[in-house]
Amino acid sequence: MKHAFKKLAAVTIGSLMATAVAAADYPAKPIQVIIPFGAGGNSDTSGRILLNGMQKVLGADLVPVNVPGAGGTIGMAQFAGAEADGYTLAFSPSAPTTLQPNLRPLPYGKDSMVAVCLLTDNPTAVTVSPDSPYSSMEELVEAAKAETLIVAGPAPGSVPHITQAALANAIGTTFTYLPVGGGAEEAKALLGKQADLAADNSAMGTVHGLKTLAVASAERIDELPDVPTLTELGIDVQVSIFNGLYAPANTPVEILETLSDACGQAVEDPEVKSRLQDANFIVRYLGHEDFQAFYEEQFDASLEMLTKIGLVK
Amino acid sequence: MDMSSFLAALSLLADPLTIAIMIAATFVGMVVGALPGLGTVTALAIALPLTFVLTAPQAIGVLLAIYVSSVFGGSIPALLINVPGTPQSAATTFDGYPMTRKGHAAEAIGWATISSVIGGIFSMIVLSIFAPRLAAFAVRFGPVETFALIAFSLTTIAWVSRGSTLTGLLAGCIGVFLSMIGADAMSGVDRYTFGNFALSGGLNVVPLLIGLFALSEVFSTAAKRQDQDLNAADVRSGFKVAPFREWWKLRATLLRSSVIGTFLGILPGVGATAASLISYAQARASSPRKDTFGEGEPEGLVASETANNAVTGGALVPSLALGIPGDAATAVMLGALVIHGITPGIQLFNRNPDLVSFIFVALLFANLIMLVVGAMSAHVFSRILKVPNALVMAMIVPLSLAGSYVIRFSMIDVATAIIAGISGLILRYAGVPLAPIVIGFILGAPLETSLRQGLIITNMQPLNFFTYPIADVFFAITLGVLLWPLVKMIRPKAVAGDADSQSKTTSTELEGNEK
Amino acid sequence: MKKLLFSSALLWMAFLATSIFLLVSSFEQSDATFVLPGDAPPFLVSQLILTCLILLSGSLLISRLVQASGGLPDADWDALAAVVVIVCTAGVLLKPLGFLAVSPVAAILTARVLGYRNWLINAVVAVAGVACLYLLLVKAARLPLPPVPGLGF
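About the cut-offs
Residues numbered from 1 in each chain as written. Chains lettered and ligands numbered in written order. Predicted model: local features only at pLDDT ≥ 70, side-chain atom pairs only at ≥ 80, totals over all residues. Heavy atoms only, no water. Helix = DSSP H or I, 4+ residues; strand = E, 2+ residues; numbered from the N terminus. Buried < 20%, exposed > 50% of the residue type's maximum accessible area, 1.4 Å probe, protein only. Contact = heavy atoms within 4.5 Å. Areas by Shrake-Rupley, 256 points an atom, 1.4 Å probe, with all protein chains shown as cover. Buried area = accessible area lost by both parts, 1.4 Å probe. Salt bridge = Lys/Arg side-chain N within 4 Å of Asp/Glu carboxyl O. Polar contact = N/O pair within 3.5 Å; in protein donor to acceptor, adjacent residues only side chain to side chain. Patch = residues over 30% accessible without salt bridge, like charges linked within 9 Å, V, L, I, M, F, W, Y side chains within 5 Å. Phe/Tyr/Trp six-rings, centres within 6.5 Å; stacked < 30°, edge-to-face > 60°. Lys NZ or Arg CZ within 6 Å of the ring centre and 35° of its normal. Nonpolar A, V, L, I, M, F, W, Y, C, P; charged D, E, K, R; others polar. Axes fitted to C-alpha atoms, helices over the stretch in contact; angles between N-to-C directions. Parallel < 35°, antiparallel > 145°, perpendicular 65-115°, else oblique.

**Looking at the overall build of chain B**
- Counting secondary structure elements, chain B contains 23 helices and two strands.
- A buried classification covers 64% of the 515 residues belonging to chain B.
- Sequence-distant contacts in chain B: of pairs separated by 6 or more residues, those separated by 24 or more amount to 79%.
- In the form shown here, chain B has an accessible surface area of approximately 17,200 Å², with 68% of it arising from carbon and sulfur atoms.

Structure below.
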């Protein structure tokens, strides 16, 4: 009995020490960062910029690994099943982490991951074609109540899809949803007059030369100072698309802190900042504790909104 | 593109470092493209980390060079060992490999190289002159028009199936069905996944191609009793270009294939693989030499290789002008551009005209380098034929495993490749053509998506589809193509021609070559 | 009769059976969820395709039975079976054992089955080839392949 106890003690102390040592010289080998969308997309672009910046700080390789499919859930499922040793992370937008788990049964959930750091936070915005008959949100709302407008967006379960559903709910009308793909495809649908509006990332207007009628945030954003918020107009809808770094649940706190600090330093790097801003991201850094709180808050808010719209019973 | 921005672009290009790394990139792209199982996207992935430390023009130059040369590189193993190096070169095996079997490997490489360059330069010219206008046209190509175009493209399945039309249609339907496995893009519902979560991402075309063409070739080689090694004396290695009058005879094919490739590249979602298959089918349908297709007819080889390289310029049109990637490879390039602070889209032509001109010039330069590097490497490549066939085929196994795994790091793709390999062999024995499976798979998703999008915008009135003039044009052509065989049946025809097609239908040959 | 069975008739029957099975299960699966307003039901087009497959494989089966010729082509079935087994095993063992462990073995065995008798050259080519592939994909392109457990790469 005594032998067993001694052995157990030795093993416990040994593994604690090993963890401490491992944490101390973390990162000792390349870190894989799963990006649950294809190369060239929004989250891929911002992720690569961040990882490139973090590499300089950490002195180790951060390798982006694209695992696309099923709205980001395939990649996140793979990530959630990885070991919590800090060598597999995920960089994801908000839909796979806050919306999808609330919409359908998945092999992962809020408790499968822990937040490391927030990088970008763009509100969604209502955009129309430059030669659209609606030049203000009020006009659009009136038209929306009179007839059924067509909204272009990505596949259901994405942030723009939720935004337009919330918008319709708040106005008291319904839209017809036309899934076409990401921002560029939405712009094409607007310009080609197949759809009347889109409700995607606030950067879309500038990037594709569209008219932005309103933003879905609490306050006006610096990038679009002349665009009113939906709240100002009496429509209580606030939705944002945020990109952040995550680690599997139970990752040691020391590792989280190392990563979070490196992330913070990378964001301060002028080259990283300018690259992100040139790509039209609104940079907003939150460390791991603040981001964890923010993430949980967003998760619950999503569930609430989805229930209100009726997409979740 | 006016003179001053053209000169500015040239000066950007004239930097020796830029030229040097573009040449290196061409070589790397060609080699990676030539490895069966690794494709254009993998080749671009190799360069992507590098682009961070390069300036924007250098990064663009490197990516364009790799893009262009990898498409060409895929044709090398396609015509030397009947295994396409990239999906885009699947159609090159049909006539390229028989040419090698007859001992004309050097000529085959010559045909392939120059056709690729011609296709690439044609699309580059179209891109530089017409890009903004073409982009405006592409915008007007909505779901209904896209549906009509894809329906028309599917009818070409009839022409790639040398066996009976029934087996060709069966293969096409199999392909279309396979594309529907997974989460539905329109509603998010899982289809035919039977509860398997990993399948909700659907299947991918690359492992399907690796299996159907590369692995099945390995299996087929195992099944053949006689020794596969080509007699070394029969192989004249090197690079041989056919005389100009031979090229002149094929001018119609060259032009038509360039147009098909460029045009299909402009429309997102179709891609170089479908373009080269459709171009091959079209060439066969309208050629006076249609009976020699599949036996080493240069026209077939030219049709395939011109089209797949012509897609490169075409795919850049929506990418640069609208910010919509034309295919997976241009998606990677767009991402690289965005990282460098260049946002493609309508504003790009206004804000950065010099950079846009540079892209055109770099594309032209990339095509020219490819010609030189291709010609010089031809001798090395044909040496592969002297390596014992068993060793070459054996290496296809690790290449297939790795190539299918790195698409999405999913074992589903590896399983797809292996199952497709076994199925490919069985289907070859049964006389089912493999190309329609690929065409069906690639076009199945956009066909269904555009149909359902069209239904949404016409409010569930399919008859309204006929109110779209551009779509009507394609519907009419499709109808014409479908009815044409009926018209021919009514007319009296030669008995010999009939017996000919009968023997092909009941064939259960072991010939590895695609029929 | 046996000859008939081992001809493409078997294949058409397999297609027919599979298509019918999938069609039936699609009706079960489509008691599903979310349909966008105006959209066609998610399973409709695939059901149409399956119906076409049923008709096509049915016709091919009938025409095959009517012809009543057949039998398997002449081939080296042992070699073929061996290679298929090698490739399938390699696929199954790829994740558990790692790319660097599985691939050279698969390549060496395949080359041997295909007739190459010089074990030394076979092994050298296989190992060198796989090593180059590994360096290209994992190191240069940073596309990770399944690692060998215990080795970490």
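**Side note on the interface of chain C and chain B**
- Contacts between the two partners involve 70 residues from chain C and, on the opposite side, 64 residues from chain B.
- Buried surface at the junction of chain C and chain B, summed over both partners, amounts to about 5,700 Å²; 82% is from carbon and sulfur atoms.
- For chain C, the biggest contributors to the area lost against chain B are Leu56(C), Val87(C) and Leu114(C); these three give 10% of the whole.
- At the boundary of chain C and chain B, one finds zero salt bridges.
- For the pair chain C and chain B, the interface holds three residue pairs in polar contact (both at pLDDT 80 or more).
- Among the elements of the structure, helix 2 (8-29), helix 3 (44-67), helix 4 (77-97), helix 5 (99-113) and helix 6 (119-140) of chain C are those that each provide at least two residues to the side of chain C that touches chain B.

**Here's the deal with the environment of Gly73(B)**
- Position of Gly73(B) relative to the elements: it lies in helix 4 (residues 56-73).
- When neighbours within four sequence positions are excluded, Gly73(B) is seen to be in contact with Met30(B), Gly33(B) and Ala34(B).

**Overview of a nonpolar patch on the surface**
Residues and elements named next belong to chain B.
- Residues Met3, Leu7 and Leu10 make up a contiguous nonpolar surface patch of roughly 290 Å² in combined accessible area.
- Looking at the element boundaries, leucine 10 is found in helix 1 (residues 3-13).
- By relative accessible area, which is 35% here, leucine 10 ends up partly exposed.

**Re the packing of aromatic side chains**
- In total, this model carries 22 aromatic pairs over all chains according to the counting rule given.
- A ring pair is formed by Phe94(B) and Tyr280(B), whose centres lie 4.9 Å apart and whose planes are at 75 degrees; its orientation type is edge-to-face. Here the residue Phe94(B) occupies a position in helix 6 (residues 92-101), and Tyr280(B) occupies one in helix 14 (residues 271-286), the gap between them amounting to 186 residues.
- A ring pair is formed by Tyr429(B) and Trp77(C), whose centres lie 5.9 Å apart and whose planes are at 90 degrees; its orientation type is edge-to-face. With Tyr429(B) in helix 20 (residues 411-429) and Trp77(C) in helix 4, this residue pair bridges two chains.
- Residue Tyr429(B) is classed as buried on the basis of its relative accessible area, which comes to 13%.
- The structure contains a cluster of three or more aromatic residues connected by ring pairs, namely Phe242(A), Tyr246(A), Phe291(A), Phe294(A), Tyr295(A) and Phe299(A).
- For Lys29(A), the ring lying beneath its charged end belongs to Tyr87(A), and the centroid distance is 4.8 Å.
- Between the NZ or CZ atom of Arg284(A) and the centre of the ring of Phe294(A), over which it lies, the distance is 4.8 Å.

**Description of the interface of chain A and chain C**
- Tallying the contact residues gives 14 residues for chain A and five residues for chain C.
- For the pair chain A and chain C, the summed buried surface comes to about 690 Å²; carbon and sulfur atoms form 65% of the total.
- Joining chain A to chain C, the criterion identifies one salt bridge.
- The partner of Asp61(A) in a salt bridge is Arg142(C), with the nearest N and O atoms 3.1 Å apart.
- Inspection of the chain A/chain C interface yields two residue pairs in polar contact (both at pLDDT 80 or more).
- Ranked by the residues each element gives to the side of chain A that touches chain C, the list is headed by strand 2 (residues 62-66) of chain A, at four residues.
- For the side of chain A that touches chain C, the per-class residue count stands at nine nonpolar, four polar and one charged.

**Looking at the packing of helix 7 (residues 105-140) of chain B against helix 18 (residues 353-382) of chain B**
All names here are of chain B.
- Orientation of helix 7 relative to helix 18, taken along the N-to-C sense of each, is 175 degrees, at an axis distance of 9 Å. Here helix 7 lies roughly antiparallel to helix 18, going by the angle between them. Across the interface between the two elements, Ile109, Thr113, Ile114, Ser116, Val117, Gly120, Ile121, Met124, Leu127 and Ser128 of helix 7 pack against Phe360, Leu363, Leu364, Asn367, Leu368, Met370, Leu371, Gly374, Ala375, Ala378 and Ser382 of helix 18.
- Split by residue class, the contact of helix 7 with helix 18 holds 14 nonpolar, seven polar and no charged.

Shape descriptors only; they carry no functional weight alone.
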